[in-house]
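# Breakdown of the fold
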Amino acid sequence: MMKALWLIIGFTFTVMVANCQDLDTSMLVGKWKMSSYDVIDNVRLSDHYRSASPQVRERMDRKIARYIDNTFYHFTSQDSVFYTDLSEGTVVQKSASYILQDNGILVIKSEEGKKEKKAKVKDLTIDHLVMSPIGDDGKAKGEMILKRIQ
C-alpha cells in the first residue's frame, strides 16, 4: 500500500515539474496552419447541426472548412505575428506583436493595442502546436491544433 502511495506521489510530482518547465519561444517561430479545433468538432456533434437540413449542413460545412483552411499564424523572431482572421465571412490578414509568458500563456496584441488575444500553450514541438484560446471570461475555449508548414 505504501509503495503504491509513493508511486502516485512520484508520478504527480513528475507531471507537475514537466508542466512548469518554460516553453522554448524559439520553437514558436515559423508558419503554422490549423489542422483541427475541437470546438468545431462539437458543432458537428450538436443537435442543431444534426437536425439541420442537408442544405444548411452543407453551408455550415463550407464555413467550417473555410475557417480551418484559412487559419494561419506566422511568428517571427522579432516578436511579430502575422495571422488570418475571419471578419464577417471575409478572410482578413492581420499583424500584431506577441509574447509567450513563463506560465505558457501566449498573448497577441493588435498593432493598435486595443485588442488582446490570449491562449494557453499546452504543447509545443518542432512540428505541432496545441493551444487553448482564452475567452474574455478567462476560460479556455477548446483545443486548437496547428501544424508547422515552414
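Being a predicted model, the structure only gives us computed values, none of them experimental.

## Details of the environment of Ile99
Within the element layout of this structure, Ile99 appears in strand β4 (residues 90-100). Assessed through its relative accessible area of 49%, Ile99 is described here as partly exposed. Residues Ile99 and Lys118, 19 residues apart in the sequence, show an inter-C-alpha distance of 9.9 Å. If we ignore the near neighbours within four places in the chain, the residues touching Ile99 are Ile105, Leu106 and Val107.

## Quick notes on the layout of surface pockets
Gaps left between atoms show up when a probe the size of a water molecule is rolled over them. Taken as a whole, the largest pocket encloses approximately 470 Å³ of empty space. Considering the residues around the largest pocket, the lining is formed by 22 residues, among which Tyr73, Lys117, Lys118, Pro133 and Ile134 are closest to the centre. Of all elements in the fold, only β1 (30-37), β3 (80-87), β5 (105-110), β6 (116-124) and β7 (128-134) reach the threshold of two or more residues within the lining of the largest pocket. Per element, the largest residue contribution to the lining of the largest pocket is 4 residues, and it comes from β6. Taken together, the residues of the lining of the largest pocket sort by class into 12 nonpolar, 4 polar and 6 charged.

## Description of the pattern of salt bridges
Tallied over the entire structure, the rule returns 7 salt bridges. For Asp137, the salt bridge goes to Lys141, with nearest N and O atoms at 3.0 Å. Judged by its relative accessible area of 46%, Asp137 is partly exposed. Residue classification places Lys141 among the partly exposed residues on the basis of a relative accessible area of 35%. Three or more residues are tied together by salt bridges with common partners; here these are Lys109, Glu116 and Lys118.

Calculation criteria
- Residues numbered from 1 in each chain as written.
- Predicted model: local features only at pLDDT ≥ 70, side-chain atom pairs only at ≥ 80, totals over all residues.
- Heavy atoms only, no water.
- Helix = DSSP H or I, 4+ residues; strand = E, 2+ residues; numbered from the N terminus.
- Buried < 20%, exposed > 50% of the residue type's maximum accessible area, 1.4 Å probe, protein only.
- Contact = heavy atoms within 4.5 Å.
- 1 Å grid on protein atoms, 1.4 Å probe; cavity = no way out; pocket = protein on both sides within 12 Å on 5 of 7 lines; lining within 4 Å.
- Points joined across faces, edges and corners; volume = space filled by probe spheres on them.
- Nonpolar A, V, L, I, M, F, W, Y, C, P; charged D, E, K, R; others polar.
- Salt bridge = Lys/Arg side-chain N within 4 Å of Asp/Glu carboxyl O.

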